[in-house]
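Residues per chain are reported as follows:
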Amino acid sequence: MTAPLLEIEGLAVKYGNVEALHGISLRVDQGEIVTILGANGAGKSTTLRTISGLLQPARGAIRFDGAPVHHLPAHRLVRLGIAQAPEGRRIFGTLTVRENLGLGAFTRGDAAGIAETEEKVFGLFPVLRERSQQLAGTLSGGEQQMLAIGRALMARPRLLLLDEPSLGLAPLLVKTIFQTIREINRTGVTVLLVEQNARAALKLAHRGYVMEVGRIVLEDSAAALLSDPKVQGAYLGGGAR
Amino acid sequence: MEQFLQQLTNGLAVGGIYALIALGYTMVYGVMKLINFAHGDLFSCGAYLGLTLLTGLALQDRVGPVAGLLVLAVLVVVLVALLGAILERAAYRPLRESPRLSAVVSALGASIFLQNALMLVYGARFQVYPSGVLPEIAVSVLGVQVPLMRILVVLVSLVMMGALYLFVQRTKVGTAIRAAAIDQGAARLMGIDVNRVILLVFLIGPALGGAAGLMVGLYYGQIGYQMGLLYGMKAFTAAILGGIGNIPGAMVGGLLLGVVESLGAAYVSLAWKDAIAFLVLILILIVRPTGLLGERVAEKV
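Computed from a prediction, not measured in an experiment: that's the story for all the values here.

Structural notes on the overall build of chain A
- Of regular secondary structure, chain A possesses 10 helices and 10 strands.
- Relative to a compact globule of 241 residues, whose C-alpha radius of gyration would be 18 Å, chain A shows 17 Å and is just as compact.
- The principal-axis extent of the C-alpha atoms belonging to chain A is close to 50 × 40 × 40 Å.
- Across the 241 residues of chain A, 46% fall into the buried class.
- Long-range contacts, defined as pairs at least 24 residues apart, comprise 66% of the intrachain contacts of chain A with a sequence gap of at least 6.

Structure, rendered in C-alpha cells:
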C-alpha cells in the first residue's frame, strides 16, 4: 500500500491554555473524499486550520506526502499543494472576482498554466466568468462560495480543504456545490471536507470521521456511517428506528 | 487671478508633499491596522539625510546639477526606506502577537527616539539647505510666473503617486498588498508571506516619506528636527480625510488639504492656516465619517 497523502498523528492544538484538540489521528488517501463531521465546537475547523498552517500544533505530527509539514507557515503549504476554501468563505470583497482568482494562483509563475486553470474553474462555475469584473463582495452567498472554492483550485492543489461549503446556502445550491466537489475530485484532487450537513457530506464522501469535543469518536466508510444508528441519531436527525 | 494661480500651484506642491507622507500612514494602517507614529520622523530623516549628502558628497559638482540631484534623491529614498525596514524589525515585529496598544506605545517611543537622535546629531537649531541647488528661475504657466522648484515638487510627487498606484493596482505583488490589507489570514491561505508584505510596506511608505522630506528641504530651504510633527499631523489628517487605509484616498486627501490650506491662508487669514486645515477635516468627517474614499473602516476598528 502506498503512503497516505495526508496523515495526522496524535495532533493536539491549544488556544492559549485551552486545549481544543486532544490528540487526534486521521488519514486521507490519494484520490479520496474524506469528511469530518461533528457539532459546533467539536474541533473540525481547528483541525483544518492546523493542517493549512494557520494554527501551530502543541503536540503531534502532520505529514503530507510522507514529509512532516506541521512546522511550516501557511504560505509555504500552498506551494506544497494544500489549498483551503476557509470557513465563512473569506473572499476579498473589495477586489474583483478575477483578482480573487489571480490571488489563488499567487504561488504560481506560469501565466499560460494559470490561464488554463482559470478556464477550468470557469468551466466548473460558469457564473464566475459572467461576474469576473465584478467586486467579489457584490456576489450572492452561493456565488461567493463558488469563488472561494475556485480560488483554492487556482493553486492547482493536490489536497483541497473545504470548510463548511454548505453553510448558509439554499438546499438547491448545496446540491450544486456538492456535485461540483465530486467533479473536482474526479479530476484527481483529493478532498478533505468539514461539514455540519452530515447527510450530504456522507453521500459525497468515501470515508468519514466523527468528532466530539476535540476527539475523533467514530471512523468508517461513508456508507457505514450513514447507516450507523449513533450517527443517525446524533447527526442525521433521528433516521431509522 | 494671478494670486489665485500662485496659491493654487503652491497648494498643489504642499499637497503633493502631504500626499506622499500620507501614503506611508495609510499603507501601514491598511495592512497592520497600526498608526506608525514614527512616520513623520522618517520624513524628517529624509530632509536631514538630504542635507548631509548634498553638502557632504558635493554630488552636483561631480556629476552636474541635474544628475547630482537625481543621485541625491535616489540615495535619500533608499536610505530612508532602509530606516523604515529597520524600524519595522526593531519596533513592530517583536510585538506582532501583542495587543494593539503595545505597538502604539512602541510607535510613540520610536518617534521620540528618532527625533532625539536627529537633535543629538544635528543640534536643535534649524538647518539651512544651500541655495542654488536648482537655478532659481520661474516658468510661465498660464501667464503666471511659477518657480521651477515648485513645478518640480508637483511633478515629482504626481509621478511617484502614479507609479505607486499602478504598482498596487496592476501587479501581482500590489494585489497581494491589497489582499493582506483586507484579510491577513485569507492572504496567507493564498500563499502570500504576510511578513514580507509588511516589510515591503515599510520600505515603500518611508521611501515616499523620505522623498517628501528632501523636497521640503529643497523647496523651503529650512529644516528642523521637529518638522516631522506638524507635517506628520497634516499628512495623517490627509490620510483620514481620504479614508485611512485607502491609497487613492491618501493622494486625494493630501492634495485637497494642501490646496485648501494654501487658499485659506491667502484669502481668509494666514494665522488661521492650520485651523482651516483641521476645520476641513472636521466638516468632511461629519458628512462622511469614513473619509472621502473610505468604505470599510467602521467595521474594521
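Looking at the domain arrangement of chain A
All names here are of chain A.
- Parsing chain A into structural domains produces domain 1 (1-81 + 160-167 + 191-241) and domain 2 (86-156).
- One C-alpha centre belongs to domain 1, the other to domain 2, and the line joining them spans 25 Å.
- Between domain 1 and domain 2, the residue contacts involve 8 residues of the former and 7 residues of the latter.
- Listed by contribution, the elements that provide at least two residues to the side of domain 1 that touches domain 2 are α2 (74-80) and β7 (159-163).
- With 3 residues, β7 is the single largest residue contributor to the side of domain 1 that touches domain 2.

Here's the deal with the sheet that holds strand β5 (residues 67-68) of chain A
Residues and elements named next belong to chain A.
- Read from one edge to the other, the open sheet built from 4 strands follows the order β2-β1-β4-β5, with strand pairing classed as antiparallel. In this open sheet, the two strands that pair with only one neighbour each are β2 (18-28) and β5.
- Bridge count for strand β1 (residues 6-15) against strand β4 (residues 59-64) is 5 bridges, and the pairing is antiparallel. Within the sheet, the bridge partner assigned to I8 lies in β4 and is I62.
- Taken strand by strand, helix α1 (residues 44-51) contacts β1, β2 and β4, and its axis lies near 70° from that of β2.

Quick look at helix α3 (residues 97-104) of chain A
- In terms of residue burial, α3(A) counts as a mostly covered element, since 6 of its 8 residues are buried.
- A:V97, A:N100, A:L101, A:G102, A:L103 and A:G104 are the residues of α3(A) that are buried.
- Contacts made by the buried residues of α3(A) are with α4 (111-124), α5 (126-130) and α6 (141-153) of chain A together with α7 (172-182) of chain B.

Observations concerning the environment of B:Y267
Residue and element names in this part refer to chain B.
- Residue placement: Y267 occurs in helix α11 (residues 247-267).
- Looking at Y267, the number of C-beta atoms within 10 Å reads 11, which means it is exposed.
- In this structure, the C-alpha to C-alpha distance between Y267 and Q3, residues 264 residues apart in sequence, is 9.6 Å.

Describing the interface of chain A and chain B
- Contacts between chain A and chain B engage 20 residues on the former and 16 residues on the latter.
- Broken down by secondary-structure element, the contributors of at least two residues to the side of chain A that touches chain B are α2 and α3 of chain A.
- In terms of residue class, the side of chain A that touches chain B is made up of 9 nonpolar, 8 polar and 3 charged.

Examining the sheet that holds strand β6 (residues 82-85) of chain A
Residues and elements named next belong to chain A.
- Spatially, the 6 strands line up as an open sheet ordered β6-β7-β8-β3-β9-β10, and their pairing is mixed. Taken across any chain shown, the strands that pair with only one partner, and hence form the sheet edges, are β6 and β10 (215-221). Going across the sheet, the axis of each strand differs from the next one's by a mean of 15°, ignoring polarity.
- Pairing of β7 with strand β8 (residues 190-195), which is carried by 5 bridges, proceeds in the parallel orientation. Paired with D163 across the two strands is V194, which belongs to β8.
- The sheet contacts of α6 involve β6 and β7, and relative to β6 the element is tilted by about 170°.
- Across the sheet, helix α7 (residues 171-186) is in contact with β3 (33-38), β7 and β8; its angle to β8 comes to roughly 155°.

The rules behind the values
Residues numbered from 1 in each chain as written. Chains lettered and ligands numbered in written order. Predicted model: local features only at pLDDT ≥ 70, side-chain atom pairs only at ≥ 80, totals over all residues. Helix = DSSP H or I, 4+ residues; strand = E, 2+ residues; numbered from the N terminus. Rg over C-alpha atoms; globule rule 2.2 N^0.38 Å. Buried ≥ 20, exposed ≤ 12 C-beta atoms within 10 Å, placed from the backbone. Contact = placed C-beta atoms within 7 Å. Domains from an automatic or database assignment. Pairing = 2+ DSSP bridges. Axes fitted to C-alpha atoms, helices over the stretch in contact; angles between N-to-C directions. Nonpolar A, V, L, I, M, F, W, Y, C, P; charged D, E, K, R; others polar.

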